[in-house]
Amino acid sequence: MGITFRKETFRDDFSFKNSPEHIRRFPFPFHEDSYMYAVNIEPHVVGPKGSVLENLIDVDEHYVAEMQDRALVLAEDPLRCQSLPHMTLAGWDLLELLMEQQALGYPEHFTLTREGDHWRWINRPLGIDDTFTFGDVSTLPYGPMEYITRQSQGDFCILDQRDGNLWMDAGMVTTQADWSLDFDIGMNFFEWHAPVPLAHEKGIFIRALKFLTNIQQGKPARRLNWTMTINPRLDTSPENYHKWGPDRTTVTPENVGDKVHLRVELQSFWRLPRSNGIVFPIRCYLIKMDELVTQPKWARRLHRVIRDLPEELATYKGLTRYRPTLVEWLSKLDDGSATSPGFGPD
Amino acid sequence: MSTGTTKLDVVVSDVVPVNDLVTRFHFRRRDGELLPTFSGGAHVVVEMRDGERTRLNPYSLMGSPLNTSEYTISVRRDDVGRGGSLFMHRSVKPGLEMVISYPVNLFSLDLRAKKHLMLAGGIGITPFMAQTAQLAAEGGNFELHYTCRTASLGTYADTLRERYDRRVRLYHDDRDERIELERVLSSQPLGTHLYVCGPSGMIGWVRDRAAALGWPSETVHFEHFAAPQPGAPFDVTLAVTGKTIRVDEQQSLLEAIEAAGVDPPYLCRGGVCGQCETNVISHDGKFIHNDHWLSEEDHRSGCKIMPCVSRFEGRSLVLER
């Protein structure tokens, strides 16, 4: 048993693909035929078998390729991983959380053995077998946050909680939808959300902050967010805009199905026990249009959502240039029939 | 995820009288597993089943955060309170099975601090027991000033002196020893954070002096759980659920709402976290606000109440619950 990890790339020849099982487990983010911001936060509890929520920290067939892509990004730009000096304890908290969750969910791939502070971590997909002293940074090859997030899918922001606010004081961010840790490091919740349109007027951030500062240990929460990406590129950072920005001019009616990807973020929020910080894993899932429309309900619904999206949101998500081409392509797959409620395929 | 936190099934593993007023309670998990890790300054809410009555009181965890085989709390007996501390002192014995909440920290260390200056009064020493243990293990820089009534009521004073020697200064009221607050506050290195836990008079005094001496408010941290005060019974109508309830003399409004089968969210049950904030639909009478959450303007408006600690006197009160 266990996962068969794909050999694939998120750059150059873009060989990334989802297997048929992974298409069906894709976290499609629209529960109805339209989309507007809402505080769509719910308890992060285990979901159905075969879904991305089967384990609270999901490992999938893209794990090894994603970790290789992260290593390439870090080699080019070490500032994608930063931790302010007071965040080391939170880094240990995160290391414990990710090792525990990965070992619990995927015992055939990961094993954690603990005797007091003496820990042994085996990561079979990446060929790692390390022993170290928990709490002693000199016993690991990297700081605790960098060490474990080089072995965990998704970006991770660690937020310090103080003065009734949350502060972006540490993170590993290499698979982001056009935002920069290096720019946001040290900012508070309102500062780093300043560019988001419409939501401020709706008071969403005030309510969201109140909710997040009250997240309790043992009671994580989650939400989905989404955007679109041209080519299956994980690293769509502002630092590399010159590499991926021009991709948006390359969409034609002929290549929509292969080039345009729905990008969904499963964001979860966890209270960290020793540091009293919050960790915010942002796990990115990509699916190309050709794969997505194998589920007719998703094709119909995505057509309606993209067609009716408010202009400000389309601009913020960077869809403006290719939206007409995409809507035209999707319209041919929408016969106007009703879609069933809920996220899942029919 | 509204009501409180995840619960832990524990058993009382030891009960240790500390002095005439304070007793320490040790809890272990009933399933023998380790308890969740916590951070210095965290509290748990202890559920007390006292006959028909259920009380939920918050107590600071005072053990080392490095030891998760047991949790320890210290309870000061309050002979004129609502009976929670008396229940703990009289009825809680080793072997009793109890339910406590997951730890919640509303009095967290600011880990950016170059130095932690701690001021404790009386039973307010308990969160500092855990915080000093956490800092000592990491080589952190702290200084603790602890005021108690008499040497024999100086709960854990000897333990702290033994552990941390000159980093702990003691002041005894009966010997007229007083902390030289101005001098202490004026002689700290830049980057020091101040923490105070004790009676509300002490907290107010320290905050005022710190502000006057130019301490930025972000560097001044305080914890004051206002224990719910007893008071005259009163009747309340819960408009949303359509219930009319009576709040007994020894019961808090929140406990009475819960006893009626309505579960508002809560965390601290001490008037500081804001979770149980409740809108007032109408009232004819006088509020007795005891919380540290609502603004003075909120208190004056008569539109909001914190049912965990505040009460009411008068003819009628209708709440949005």
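The structure presented is a predicted model; accordingly, all values stated were derived computationally and were not measured.

## Points about the overall build of chain B
Helix and strand counts for chain B stand at 7 helices and 17 strands. Over its C-alpha trace chain B gives a radius of gyration of 20 Å, about what one expects of a compact globule, namely 20 Å for 321 residues. For chain B, the spread of C-alpha atoms along the principal axes amounts to about 60 × 50 × 40 Å. Going through the 321 residues of chain B one by one, you find that 43% of them count as buried. Look at the contacts in chain B between residues 6 or more apart in sequence, and 67% of them connect residues 24 or more apart.

## Structural notes on the nonpolar core
Among the nonpolar cores identified, the biggest contains 75 residues, and L61, M118, A120, L144, V196 and V236 of chain B are the most heavily contacted of them. Contact partners of L61 of chain B, with chain neighbours within four places excluded, come to F38, A42, H43, V44, Y71, I73, P103 and A130 of chain B. Listed in part, the 35 residues of the second largest apolar core include I57, L94, F156 and I158 of chain A.

## Observations regarding the interface of chain B and chain A
Counting residues at the interface gives 19 residues for chain B, matched by 16 residues for chain A. Its residues placed into classes, the side of chain B that touches chain A shows 9 nonpolar, 7 polar and 3 charged.

## So, the domain arrangement of chain B
All names here are of chain B. Partitioning chain B into structural domains gives domain 1 (7-105), domain 2 (115-223) and domain 3 (234-319). In this structure, domain 1 and domain 3 have C-alpha centres spaced 26 Å apart. In this complex, domain 1 contributes 8 residues to the contact, which on the side of domain 3 involves 6 residues. Of all the elements, strand 4 (residues 53-60) adds the most residues to the side of domain 1 that touches domain 3, at 4 residues.

## Thoughts on the environment of V75 of chain B
All names here are of chain B. As for its placement among the helices and strands, V75 is situated in strand 5 (residues 71-76). Residue class for V75 comes out buried when judged on the 24 C-beta atoms lying within 10 Å of it. When the C-alpha atoms of V75 and H89 are compared, they prove to be 7.9 Å apart, with 14 residues separating the residues in sequence. Those residues in contact with V75, other than ones at most four positions away along the chain, are V22, T23, F25, Y59, S85, M88 and H89.

## Quick word on helix 1 (residues 84-91) of chain B
All names here are of chain B. For helix 1, the complete set of buried residues consists of G84, S85 and M88. The buried side chains of helix 1 occupy one side of the element, clustering within an arc of 105° when seen end-on. Opposite the buried face of helix 1, by more than 90 degrees, sit the exposed residues R90 and S91. As for helix 1, its buried residues are in contact with strand 2 (22-29), strand 3 (42-50), strand 4 and strand 5.

## Focus on the sheet that holds strand 14 (residues 243-247) of chain B
To summarise the sheet geometry, strands pair through backbone hydrogen bonds and adopt either a parallel or an antiparallel arrangement. Judged by pairing direction, the sheet is mixed, and its 5 strands sit side by side in the order 14-13-17-15-16 (chain B) without closing on themselves. Of all the strands in the sheet, the pair left with one neighbour each is strand 14 and strand 16 (304-305) of chain B.

## Description of unusual backbone geometry
Residue and element names in this part refer to chain B. Phi at Y156 takes a positive value of approximately 65°, unusual for a residue other than glycine. Looking at the element boundaries, Y156 is found in the loop between strand 9 (142-148) and helix 3 (157-164). Given 23 C-beta atoms within a 10 Å radius, Y156 is considered buried. For D176, which is not glycine, the phi dihedral falls at a positive 55°. Within the secondary structure, D176 sits in the loop between strand 10 (168-172) and helix 4 (181-186). In this structure D176 comes out as exposed when scored by C-beta crowding, with 7 C-beta atoms within 10 Å.

About the thresholds
- Residues numbered from 1 in each chain as written.
- Chains lettered and ligands numbered in written order.
- Predicted model: local features only at pLDDT ≥ 70, side-chain atom pairs only at ≥ 80, totals over all residues.
- Helix = DSSP H or I, 4+ residues; strand = E, 2+ residues; numbered from the N terminus.
- Rg over C-alpha atoms; globule rule 2.2 N^0.38 Å.
- Buried ≥ 20, exposed ≤ 12 C-beta atoms within 10 Å, placed from the backbone.
- Contact = placed C-beta atoms within 7 Å.
- Core = buried A, V, L, I, M, F, W, Y, C linked by C-beta atoms within 7 Å.
- Nonpolar A, V, L, I, M, F, W, Y, C, P; charged D, E, K, R; others polar.
- Domains from an automatic or database assignment.
- Arc of directions from axis to C-beta.
- Pairing = 2+ DSSP bridges.

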